[in-house]
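# Coordinate inspection notes
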Amino acid sequence: MMEAHDKALVTVIIPTYNRAALIGRAVESALGQTYPNKQIIVVDDGSTDQTATIVKGYPGVEYLYRPNGGQAAARSTGLDAARGVYIASLDSDDVWESVFLEKCVATLENLDLDFVFVNWYQQMPDGRIADYFSEFRFLQPYLAGRSESPMVFTYPELRRLYLECCPSPSSSVVIRRQAFVSPWNDRMHVADDWCLLLDIVLSKQARGALIREKLWHKTVNDDNIYDGRDNYEVLKLMYIEDTREMLRRYADRLTKEEIRVLEVRCIDNTLKLVKLSFLIRGRYGESGRQLLRGFWLNPVLFMQLGWKKMVK
């Protein structure tokens, strides 16, 4: 039998902020992995509750404190202290199945991948627990007619998929340390995990795969970076502001068609936001500013998309 020290080290980064009631579950989830060789780092992003006391009660878990700076900066602080060949980031309100790391590392090594991501159990707003990928429309074209797991994407598939969406939130993915191009981008409001993987995918002929098994549980709370926000904030911060950051960051790496994908997403969601802010929230000044920003991003495309919405 292979000893723990014979297996590659995996660093698990757990960023957290004022989640004393939940952090123990996440830490125990990491500690309880069947994969034996792991470094577990909890990065406390300026908590004012009992987070520090709770985390320091787990022997062998490294605790790092930093002033509050957001989830991307916290993850990057953990990356600075990471010694692992592979990197995983577990959100402090999520939990992994005990075989998560074992199956991910085996897939990375057997298929010589840069990263691998898995399916999960998603707590839906109505309280039911769903197989997330069964309801995720962006992945359906790639899954159609295929049943293998792990499922390796071709490079064009991987590039197109990650420009369209992020199928792998932070708790779902394990990444080879050598594949990192940069730390998590703290200019992103929500999509720092998405941006990190786009950095990898757009930097080379990256190799990535999907494990179809549901190997972690996503918990939805009011303070989730994505799921805990209302639709207005998600539109504004992730699908508009973060998309604009992607356009700025990747302008010289994208084809005209790929730039159009991001511009369509930004403008389409700008029009949705304007409708929300003007008709429902009465934010007339913001509506006007967003319309102008959307127009100047690509005037022709803005008029085309705006006209389509008007005639529907």
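Reference entry: report on the structure contained in this document. (Residues numbered from 1 in each chain as written. Predicted model: local features only at pLDDT ≥ 70, side-chain atom pairs only at ≥ 80, totals over all residues. Heavy atoms only, no water.)

## Focus on the packing of helix 7 (residues 192-201) against helix 8 (residues 231-250)
Put simply, the test is: Helix axes use the C-alpha atoms of the stretch in contact, all axes being lines fitted to C-alpha atoms, and the angles between their N-to-C directions lie in the range 0 to 180 degrees. Helical segments are the DSSP runs of H or I of at least four residues, strand segments are the runs of E of at least two, and each set is numbered from the N terminus. Note on terminology: angles under 35 degrees are roughly parallel, angles over 145 are roughly antiparallel, angles of 65 to 115 are roughly perpendicular, and the others are oblique. Crossing chirality is assigned from the near helix's rotation relative to the far helix, an anticlockwise turn below a right angle marking it left-handed and a clockwise turn marking it right-handed. Every residue pair with non-hydrogen atoms within 4.5 Å of one another is taken to be in contact. Each residue gets one label: Ala, Val, Leu, Ile, Met, Phe, Trp, Tyr, Cys and Pro are nonpolar, Asp, Glu, Lys and Arg are charged, and the others, such as Gly, are polar.
It is the contact of helix 7 with helix 8, at a shortest axis distance of 11 Å, that shows an interaxial angle of 25 degrees. Classified by the interaxial angle, the pair formed by helix 7 and helix 8 is roughly parallel. Between helix 7 and helix 8 lies a crossing of right-handed hand. Two secondary-structure elements touch here, helix 7 through Trp194, Cys195, Leu198 and Asp199 and helix 8 through Met238, Met246, Arg249 and Tyr250. Considering only residue class, the contact of helix 7 with helix 8 consists of six nonpolar, no polar and two charged.

## Overview of the pattern of salt bridges
This is how the line gets drawn: Whenever Lys or Arg places a side-chain nitrogen within 4 Å of a carboxyl oxygen from Asp or Glu, that contact is recorded as a salt bridge. Partly exposed residues are those whose accessible area sits between 20% and 50% of the maximum for their type, while under 20% is buried and over 50% is exposed, using a 1.4 Å probe and protein chains only.
Applying the stated criterion across every chain, the model contains 19 salt bridges. In this structure, the salt-bridge partner of lysine 214 is aspartate 131, at a minimum N-O distance of 3.7 Å. In this pair, lysine 214 sits in strand 10 (residues 208-218) while aspartate 131 sits in strand 7 (residues 129-131), placing the two residues 83 residues apart along the sequence. Looking at lysine 214, the relative accessible area reads 26%, which means it is partly exposed. One salt bridge connects aspartate 268 with lysine 272, and the closest N-O pair in it is separated by 3.5 Å. Of this pair, aspartate 268 and lysine 272 both sit in helix 9 (residues 256-280), four residues apart, roughly one helical turn. One salt-bridge network, held together by shared partners, links Arg75, Asp91, Asp94, Asp192 and Lys218.

## Examining the nonpolar core
Rule in force here: Take the buried residues of types Ala, Val, Leu, Ile, Met, Phe, Trp, Tyr and Cys, join any two whose side-chain atoms come within 4.5 Å, and each joined set is a nonpolar core.
Residues Ile14, Phe115 and Tyr162 are the most contacted members of the largest nonpolar core, which totals 81 residues. Not counting residues up to four positions away in its chain, the partners in contact with tyrosine 162 are Phe115, Phe117, Pro167, Ser168, Trp194, Leu197, Leu198 and Val201. By size, the runner-up hydrophobic cluster in this structure holds six residues, among which are Leu235, Cys266, Leu273 and Leu276.

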